[in-house]
Amino acid sequence: MQKTYIKDLSNHVGEEVSLKGWIFNKRSSGKIKFIILRDGTGLLQCVYFKGNISEEVFNLADRLGQESSIEVKGKVKGEPRAVGGYELDASDLKVIGEAHDYPITPKEHGVEFLMDNRHLWLRSSKQIAIMRIRHRIVKAIRDFFDDRGFTLMDPPILTPAACEGTSTLFETEYFDLGKAYLTQSGQLYAEAGAMALGKVYTFGPTFRAEKSKTRRHLTEFWMVEPEVAFADLNDDMDLAEEFLECIVQTILKEKQEELIALERDTTKLANVKRPLPRISYDEAVEILKRNGIDFQWGNDLGGTDETVISNQFDKPVMVHRYPAEVKAFYMKRDPNNDKLALAVDVLAPEGYGEIIGGSQREDNLEVLQARIKEQNLPQQAFEWYLDLRRYGSVPHAGFGLGLERTVGWICGLEHLRETIPFARMIYRNTP
Ligand code: 4AD
Ligand code: MG
């Protein structure tokens, strides 16, 4: 007897097979019992006829609760009306692990209850679809950079200094060396990598002690950060738009089944093709004013501002040249206007907000030293970073894409908590 998985049933029509999985659901009507089996690759209706199996097996089905683990055997039949298009004419049922009173039932549960039971909630169809899409996005990201000559370079997670401002640092004691901080971004290390290898990307977990409780913030999230030597802000924007097109079009092509399970309206995603609109911060401020928003030039864009701006476009929009004051110390100033940073944020449509933040980096040693001083950053901790400007400095640029924001947008989710297997937020660090 062939052991198989539900996703491979099309190769086994008419054959006897065995499958292992969990009871997703069951019902019975007199002489027939139906068990919907879930094996991590799909769902399968297993049909038990009273006459075809022993009394003992027939009665076993009654006793087993939702999520009991079982082995089933039977003959595969095409059945267009059944979930997945196949059905098992079942001849045997074995218990592997019995379950009773599984906490998550088909009825509606509150979000807090589901998050408390996240380790079990992950078994639900929508959560499985999200995890599959997340996985495919990760692969699309890696393939994109690998195919274009980038080298993956893993930055440290325990670091001696802040990259993205000191207000969101997680700190920890580090033996006799004083404090260490969980990384907010791998960028500074990616810059060292770009000077060694030309084009690199980092991809890993990053941490921000975000004190705000919003649907767009996690305290632990994954970021991918390409960094390119001999590149300016325009090159950076070219790379970002090609990258977004590639990710979205790959998911549309390969993850239809999951997008349908999530009831995602994909018409707006289909628009994500180059070129993406590029507007300056000044133009973004004009848009806000035209829409009756009382916005002060010089402020950073807030979540609502981003939504108003992105609503003017049917694709992600790139906003470039922000006031330097609201951006990080390492960004290069616009040679045409010293008040502006050569920065770009990409805002996703449909109110999903900033998914990419990037910039051309300050490559002049004296200017960078002055910025570090201005911002009261510990000069000593940045000496190694300044060396990159001392020894063969070149124009360079890069960006960071938030994986969870991207998953949330592509899946059409309300909140980031469902985009990562086990979310970490200001009020949650369990399970
Ligand atoms: O704009 P950010 O802070 O940029 C950087 O960290 C740069 N060092 C990147 C670079 O140029 N290499 O963060 C980049 C992206 C944001 O656009 C957003 O998608 C995501 O990271 N992000 C978060 N995602 C979830 N929760 C949070 N608290 C996030 N903070 C940033
Ligand atoms: Mg940002």
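What counts as what
Residues numbered from 1 in each chain as written. Chains lettered and ligands numbered in written order. Predicted model: local features only at pLDDT ≥ 70, side-chain atom pairs only at ≥ 80, totals over all residues. Heavy atoms only, no water. Helix = DSSP H or I, 4+ residues; strand = E, 2+ residues; numbered from the N terminus. Buried < 20%, exposed > 50% of the residue type's maximum accessible area, 1.4 Å probe, protein only. Contact = heavy atoms within 4.5 Å. Areas by Shrake-Rupley, 256 points an atom, 1.4 Å probe, with all protein chains shown as cover. Lys, Arg positive; Asp, Glu negative; His and termini not counted. Charge placed at Lys NZ, Arg CZ, Asp CG, Glu CD. Domains from an automatic or database assignment. Buried area = accessible area lost by both parts, 1.4 Å probe. Salt bridge = Lys/Arg side-chain N within 4 Å of Asp/Glu carboxyl O. Polar contact = N/O pair within 3.5 Å; in protein donor to acceptor, adjacent residues only side chain to side chain. Nonpolar A, V, L, I, M, F, W, Y, C, P; charged D, E, K, R; others polar. Near = heavy atom within 4 Å. Patch = residues over 30% accessible without salt bridge, like charges linked within 9 Å, V, L, I, M, F, W, Y side chains within 5 Å. Pairing = 2+ DSSP bridges.

Secondary structure summary: the chain contains 13 helices and 18 strands in total. Overall, the C-alpha framework of the chain stretches about 85 × 55 × 40 Å when taken along its three principal axes. Residues classed as buried in the chain amount to 51% of the 431 residues present. Put simply, of all contacts in the chain between residues at least 6 apart along the chain, 66% involve residues at least 24 apart. Carbon and sulfur atoms form 49% of the exposed surface of the chain, whose accessible area is close to 20400 Å². Across the chain, the 56 positively charged side chains and the 66 negatively charged ones have centroids separated by 5 Å.

This part takes up the domain arrangement of the chain. What the domain assignment reports for the chain is domain 1 (2–97) and domain 2 (118–418). Relative placement of domain 1 and domain 2: their C-alpha centres are 46 Å apart. If you look at the interface, domain 1 gives 6 residues, while domain 2 gives 4 residues. Taking both partners together, domain 1 and domain 2 bury about 380 Å²; carbon and sulfur atoms supply 39% of that area. At the boundary of domain 1 with domain 2, the tally comes to 1 salt bridge. Across the domain 1-domain 2 interface, the total number found is 2 residue pairs in polar contact (both at pLDDT 80 or more). Tallied by class, residues from the side of domain 1 that touches domain 2 come to 2 nonpolar, 2 polar and 2 charged.

For the rest of this paragraph, the subject is the side chain of Asp363. Positionally, Asp363 belongs in the loop between β17 (353–360) and α11 (365–374). Look at Asp363 and you get buried, because its relative accessible area is 15%. Separated by 3.0 Å, the side chains of Asp363 and Lys332 make a polar contact. Every residue in contact with Asp363, bar those within four places of it in the chain, is listed here: Lys332, Arg389, Ser393, Val394 and Pro395.

Inspection of the region around ligand 1 gives 24 residues, with Glu164, Gln187, Glu225, Glu354 and Ile355 positioned closest. The contact in question runs from a nitrogen atom of ligand 1 to an N or O atom on the side chain of Ser185, over 2.9 Å. Backbone polar atom of Ile355 to an oxygen atom of ligand 1: 2.9 Å apart, as the coordinates give it. Bound to the protein, ligand 1 loses 94% of the 620 Å² it would expose on its own. Of all the secondary-structure elements, those providing two or more residues to the shell around ligand 1 are β12 (220–229), β17 and β18 (396–402). The element that contributes the greatest number of residues to the shell around ligand 1 is β17, accounting for 5 residues. Its residues assigned to classes, the shell around ligand 1 comprises 8 nonpolar, 8 polar and 8 charged.

Moving on, we get to unusual backbone geometry. In the segment running from Arg274 into Pro275, the intervening peptide bond is cis, with an omega of -5°. With respect to the helices and strands, Pro275 occurs in the loop between α8 (267–270) and β13 (278–280). Of note, the amide linkage connecting Thr430 to Pro431 takes the cis form, showing an omega dihedral of -10°. By the secondary structure assignment, Pro431 is in the segment after α13 (403–411).

To continue, consider a nonpolar patch on the surface. On the surface, Leu158, Tyr174, Phe175 and Leu177 cluster together to form a nonpolar patch covering roughly 480 Å² of accessible area. The topology assignment puts Leu158 in strand β8 (residues 158–159).

Looking now at the side chain of Glu71. Considering the arrangement of structural elements, one finds Glu71 in strand β5 (residues 69–78). For the buried residue Glu71, which engages in no salt bridge, the nearest side chain bearing the opposite charge is Lys73, 4.4 Å off. Contacts of Glu71, omitting those with residues within four sequence positions, involve Ser18, Leu19, Lys20, Asp92, Leu93, Lys94 and Ile96.

Okay, the sheet that holds strand β10 (residues 179–182) next. Taken together, the 3 strands give an open sheet; going across it, the order is β8-β10-β9, and neighbouring strands pair in antiparallel fashion. Here the strands that pair on one side only, and so sit at the sheet edges, are β8 and β9 (171–173). In this structure, β8 lies alongside β10, joined through 2 bridges in antiparallel fashion. The residue bridging Leu158 from the neighbouring strand is Leu182, located in β10.

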